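Coordinates in review
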Amino acid sequence: MQFYLDGYKPGDPDILTAELPNAVDVLIVGSGPAGALLAAQLSTFPSISTRLVERVDGPLRVGQADGVACRTVEMFDAFGLSGKLLREAYWVNETVFWRPSKADRSRIERTGRVQDTEDGLSEFPHLIVNQARMQKYLLDYMRNSPTRLEANYGLEFLDLNVETEGEHPVVVTLRKVANGAESTVRAKYVVGCDGARSRVRDSIGAVPRGDFANHAWGVVDMLAVTDFPDIRLKAAIQSADEGNILLIPREGGYMVRLYVDLGEIDPNKREAFRENTQEMVIETAQRVLRPYTLDVKSVAWFAVYQVGQRVTDRFDDVPADQADSRLPRVFIAGDACHTHSAKAGQGMNVSMQDTFNLGWKLISVLERRAKPELLRTYTVERHAIAQGLIDFDKEWSKIMASPPKDPNRPELGGLDPAELQAYFVKSGRYTAGVATHYPPATVLTAEATHQNLAKGFTIGMRFHSAPVVRLADAKPVHLGHAARADGAWRIYAFTDASGQRLRKLADFLAESPNSPIRRFTPAGANIDSVIDVRAVFQQGHRDLKVEELPSILLPRKGRFGLIDYEKAYCPDLKNGPDIFELRGIDREKGAIVVVRPDQYVSNVLPLDAHDELTAYLGRFLLDRQ
C-alpha cells in the first residue's frame, strides 16, 4: 500500500480525505469550535455542499478552552451530544473564595462558598471539558452524518474575492501547507472561523476595535499533589502580594487548571510577558497558595497570554452604507469577531453560539426555505451580543486582577473579597450563557404584545425547557429536548382550559390554505421538516386518549406514511410545579410559543391568532415550490 504521496500526515492511512471540489455551497475556514459546530449543522443536509478547511495538519489534541456553559450543553443536546458531555465532564457545582488571612496576610484562608449555578436556570450544569474533546464530538458527528463530512487539513486560506454575478460568486485562494501548491475554490458562501488573526476578516476589510492588552496571565494544565483542600472545587484565590489565581478542576478526577496572574504589561515592552516560563508561572502559583504546597508532577499544557477586549466592526462582507443594497456572502465568527479574556469561560461558548445562529440561516436559504435577506440578521444579532460580552469581560477581568484590600492600608485600594463573591453571583446568568436577549431589531423577533400569555418564555431569549410527560408512551422528558439541530421552526401550542382553541388551531394548521404548514413546507417533504408542531395539554397523560388527538399531532411521515407519536405532551405531575406554572402559561387562554431553529423564542401569540401566525412566519419563509 502506498501513501504519503503529498507529504506525511499522522493517523490511519486507510482514512482518506477527499480533495476539495471546484465549487461548494459553503466553505468554512477554521476547524475550531465555531467552524466545527457550523460544519456539523450543515453536514446533515445532503443537498448542501460543505467543506471545512484547516491550516494545521490535524485536529486539536490538547489545551485551549475548557469551560462549557449551561447554554452550550443545551445546544449540544440538539445534536444528541449532551449525554457524552455529562458523562465525561467535570461538573462545576460550587465555587469557593480565598483571601489573605486576617491573622497573617502571607497566608490564604477560605472566606466564602457559593452554588455555581442558581437553581432552575437550566436543566444542565456548568461543565469543564477540554476544547479538543468538544471539537472531536462535532467532528465525529460530521463523520457520521449523511454527507460523511471530513475536514481538509493542511490547507491555509490566502485571499478571496466576491464577484457581482454567478452561482458561486466568492472566489477563494487556498494553499497546501506541505508543498505550497495553490488552488482556487468557488463558493456561494464563505465563513471565516480562523481565529483572532483572521485572514478572512482582513480580506473583507472588517476591522477589530477596542483596547490593547494591558494584563498578562499564565495558564497551566497540571497533574499535581497538594494539600490545598479545595483542589477539586472551582476557586478564586487572592493573595496579598503575589497575585491571584483562578483554579479550575479538570475532567478525569486528577488534572487541574490554574490561571495565574502575571501582572500589568509594560506598554513599552508589550512582548516581555512571553518571557514567563512554565517554571516561573508554577513558582508564582506556589507562592500564592501559601501555606499550602503544590508539587507539580506533570504538565499537560502551558501558555501565557494577554488580556485585551476587541470587537470587529461588522461580521460580514457588506459595509454599513451598503447594507440595504447588498446581501452578505462572507461571514466571520468566533475569535475573528471578538477577543477577550479566558477567565469568564465565554470564548468557546459564544463562538459556537455565533455559528449556531448562522448555521440554520444558511440552511434555510440554501434549502430555499427562507428569503436570502434572512442572512442580514446574523451581523445585527451577533454583533450586539459580542459587544455585551466585551463590556462584561472588561469588568470581570478588572475584578479578577485586582489585589485584595488590606484593612490596615485602605489607601492602597483593592477589592474586598465579599465584592468578588457578590459579583460572581450577580453575573451567574451571563456566565451560564442564558442571558442572551435578541431585541425586535430584525424580522425574526416579534414585539412582546402577547408576552403575558407565556411569561416564562421571554421573546428574544432561549426556550427554557421544563419537564413534561409524552402522551403516547408516558415517558418523562424535557420539552426542549425534542428540538434537533435540523433547521426547523417549532410551534409549541399550550392548550387552553376548554381545549377548544387548541383544537381549532390544530384544524387550521392541518387544513387551511393559509396554514403556515401548507404554505411553507416544500412538496414531498415531511410535514414537520420546516415547521414542527407540538402540543402541551393541561390534563394528566392518563386522562387523554391518543386516538382522539388532532391529525396534526399524529403526522404521517416517510415513504411508508408511518405515524409520529411524539408530538403531544402532558404535565409532569410527580415532580413539583407543572410546566404551566413553571413558565407562567395562561391556563385559561393557553398560548402559541414560536421557537427559532437555534432554540430562541421569537413570538408568543394567542391560540386563535391563526392569520397572525402565518403572517409572522411569512416575513422570512418562502411559499412552497
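Placed above this text is the structure.
Residues numbered from 1 in each chain as written. Predicted model: local features only at pLDDT ≥ 70, side-chain atom pairs only at ≥ 80, totals over all residues. Heavy atoms only, no water.

A few words now on the packing of aromatic side chains. Scanning the entire structure with this criterion turns up 18 aromatic pairs. Where Trp 489 meets Phe 620, the ring centres are 4.9 Å apart and the plane angle is 20°; that geometry is what we call stacked. Remark: Phe 620 occurs in the segment after helix H14 (610-617) and Trp 489 occurs in strand S23 (residues 489-494); sequence separation between them is 131 residues. By relative accessible area, which is 2% here, Trp 489 ends up buried. According to the relative accessible area criterion, Phe 620 is buried, its value standing at 2%. When the centroid spacing of 5.3 Å and the interplanar angle of 80° are considered together, the rings of Tyr 616 and Phe 620 count as edge-to-face. For the pair shown, Tyr 616 and Phe 620 are each scored as buried. By the ring-pair criterion, three or more aromatic residues cluster together here, those being Phe 457, Phe 463, Tyr 492, Phe 494 and Phe 580. (Phe/Tyr/Trp six-rings, centres within 6.5 Å; stacked < 30°, edge-to-face > 60°. Helix = DSSP H or I, 4+ residues; strand = E, 2+ residues; numbered from the N terminus. Buried < 20%, exposed > 50% of the residue type's maximum accessible area, 1.4 Å probe, protein only.)

Turning our eyes to something else, we now look at empty space enclosed by the protein. Following the criterion strictly, the structure yields six cavities of 30 Å³ or more and no others. Counted as a void, the largest cavity has a volume near 120 Å³. Lining the largest cavity we find 15 residues, and of these Phe 463, Ser 465, Gly 480, His 481 and Gln 599 sit closest to its centre. Those elements giving two or more residues to the lining of the largest cavity turn out to be helix H2 (70-77) and S23. Examining the composition of the lining of the largest cavity, we find that three residues originate from one element, H2, more than from any other. The class makeup of the residues in the lining of the largest cavity is five nonpolar, four polar and six charged. By volume, the second largest cavity is sized at about 50 Å³. Forming the boundary of the second largest cavity are Ile 517, Ile 527, Asp 528, Ile 531, Val 533, Ile 552, Pro 555 and Lys 567. Residue composition of the lining of the second largest cavity, grouped by class: six nonpolar, no polar and two charged. (1 Å grid on protein atoms, 1.4 Å probe; cavity = no way out; pocket = protein on both sides within 12 Å on 5 of 7 lines; lining within 4 Å. Points joined across faces, edges and corners; volume = space filled by probe spheres on them. Nonpolar A, V, L, I, M, F, W, Y, C, P; charged D, E, K, R; others polar.)

Looking at H14, one finds that the buried residues are His 610, Leu 613, Thr 614, Tyr 616 and Leu 617. One side of H14 carries all its buried residues, which in axial view fall inside an arc of 160°. Facing away from the buried side of H14 by more than 90 degrees, the exposed set consists of Asp 611 and Ala 615. As for H14, its buried residues are in contact with S23, helix H11 (500-511), helix H12 (516-520), strand S24 (531-536), strand S28 (591-595) and strand S29 (601-605). (Arc of directions from axis to C-beta. Contact = heavy atoms within 4.5 Å.)

Below, the discussion takes up the pairing of strand S14 (residues 234-238). Within S14, five of the five residues are buried, leaving the element largely enclosed by the surrounding structure. The two faces of S14 match: Lys 234, Ala 236 and Gln 238 on one face and Ala 235 and Ile 237 on the other face are all buried. Note: strand S5 (residues 94-100) against S14, four bridges, orientation parallel. Paired with Trp 98 across the bridge in S14 is Ile 237. Where S14 meets strand S15 (residues 244-249), four bridges bridge the pair, whose relative direction is antiparallel. By the bridge assignment for S15, Gln 238 is matched with Asn 244. Two successive antiparallel strands, S14 and S15, enclose a turn made up of five residues, where Gly 243 displays a positive phi of approximately 105°. (Pairing = 2+ DSSP bridges.)

This part is about helix H7 (residues 347-366). An ideal rise of 1.5 Å per residue puts 28 Å on 20 residues; H7 measures up with 28 Å between its terminal C-alpha atoms. Of all the 20 residues making up H7, 20 are buried; the element is thus mostly covered by neighbouring parts of the structure. Once H7 finishes, Arg 368 follows within two positions and takes phi at roughly 60°, a positive value. (Expected span 1.5 Å × (residues − 1).)

Note on placement: Gln 309 falls in the loop between strand S17 (294-307) and strand S18 (310-312). Excluding its chain neighbours within four sequence positions, the residues that come into contact with Gln 309 are Arg 209, Gly 210, Asp 211, Thr 339, His 340, Ile 390, Asp 393, Lys 394 and Ser 397.

Moving on to the pattern of salt bridges. Enumeration according to the criterion identifies 44 salt bridges in this entry. For Glu 118, the salt bridge is made with Arg 429, and the minimal N-O distance between the two is 3.2 Å. You can see Glu 118 sitting in the loop between strand S6 (108-115) and strand S7 (127-128) and its partner Arg 429 sitting in helix H10 (residues 428-431), a full 311 residues away along the chain. Here Arg 429 falls in the partly exposed class, since its relative accessible area comes to 46%. Its salt-bridge partner being Lys 361, residue Glu 381 comes within 2.9 Å of it at the nearest N-O pair. (Salt bridge = Lys/Arg side-chain N within 4 Å of Asp/Glu carboxyl O.)

According to the stated counting rule, one finds zero disulfides in the structure shown. Lacking any disulfide linkage, Cys 193 is separated from the closest cysteine sulfur, that of Cys 337, by 8.3 Å. You can call Cys 193 buried: its relative accessible area is 10%. (Disulfide = S-S within 2.5 Å.)

A sheet is described by the order of its strands in space; here seven strands give the open sequence S22-S21-S27-S24-S23-S28-S29, paired in mixed fashion. Each edge of the open sheet carries a strand with a single partner, namely strand S22 (475-478) and S29. Across the sheet, the mean angle from the axis of one strand to that of its neighbour is 30°, orientation sign disregarded. (Axes fitted to C-alpha atoms, helices over the stretch in contact; angles between N-to-C directions.)

Now for the nonpolar core. Nonpolar side chains in soluble globular proteins tend to be buried together. Counting residues in hydrophobic clusters, the biggest one holds 110 residues, and the most contacted among them are Leu 362, Trp 489, Ile 531 and Leu 617. Counting residues per element, this core draws most heavily on H7, which supplies nine residues. The next biggest cluster of nonpolar side chains, apart from the first, holds 24 residues, and it includes Phe 228, Val 256, Ile 282 and Leu 294. (Core = buried A, V, L, I, M, F, W, Y, C linked by side-chain atoms within 4.5 Å.)

The geometry of H11 relative to H14 is characterised by a closest axis approach of 10 Å and an angle of 45° between their N-to-C directions. The orientation of H11 relative to H14 falls into the category oblique. Taken as a pair, H11 and H14 cross one another with a handedness that is right-handed. For the pair H11 and H14, the contacting residues are Lys 504, Leu 505, Phe 508 and Leu 509 in the first and His 610, Asp 611, Leu 613 and Thr 614 in the second. Grouping the amino acids of the contact of H11 with H14 by side-chain chemistry returns four nonpolar, two polar and two charged. (Parallel < 35°, antiparallel > 145°, perpendicular 65-115°, else oblique. Left-handed = near helix turned anticlockwise from the far one by under 90°.)

Another aspect to go through is the environment of Glu 367. As for its position among the elements, Glu 367 is in the loop between H7 and helix H8 (376-401). Note on Glu 367: relative accessible area 26%, which makes it partly exposed. Measuring from C-alpha to C-alpha, the distance between Glu 367 and Pro 522 comes to 9.7 Å, with 155 residues separating the pair along the chain. Setting aside residues no more than four positions away along its own chain, Glu 367 makes contact with Phe 45, Ser 47 and Ile 48.

Between H2 and H7, whose axes approach to 10 Å, the crossing angle comes to 40°. Taken together, H2 and H7 sit at an angle that is classed as oblique. For the pair H2 and H7, the crossing hand works out as left-handed. Residue-level inspection shows Arg 71, Thr 72, Met 75 and Phe 76 of H2 in contact with H7, the latter providing Asn 349, Met 352, Gln 353 and Phe 356. When the residues that make up the contact of H2 with H7 are grouped by side-chain class, the tally is four nonpolar, three polar and one charged.

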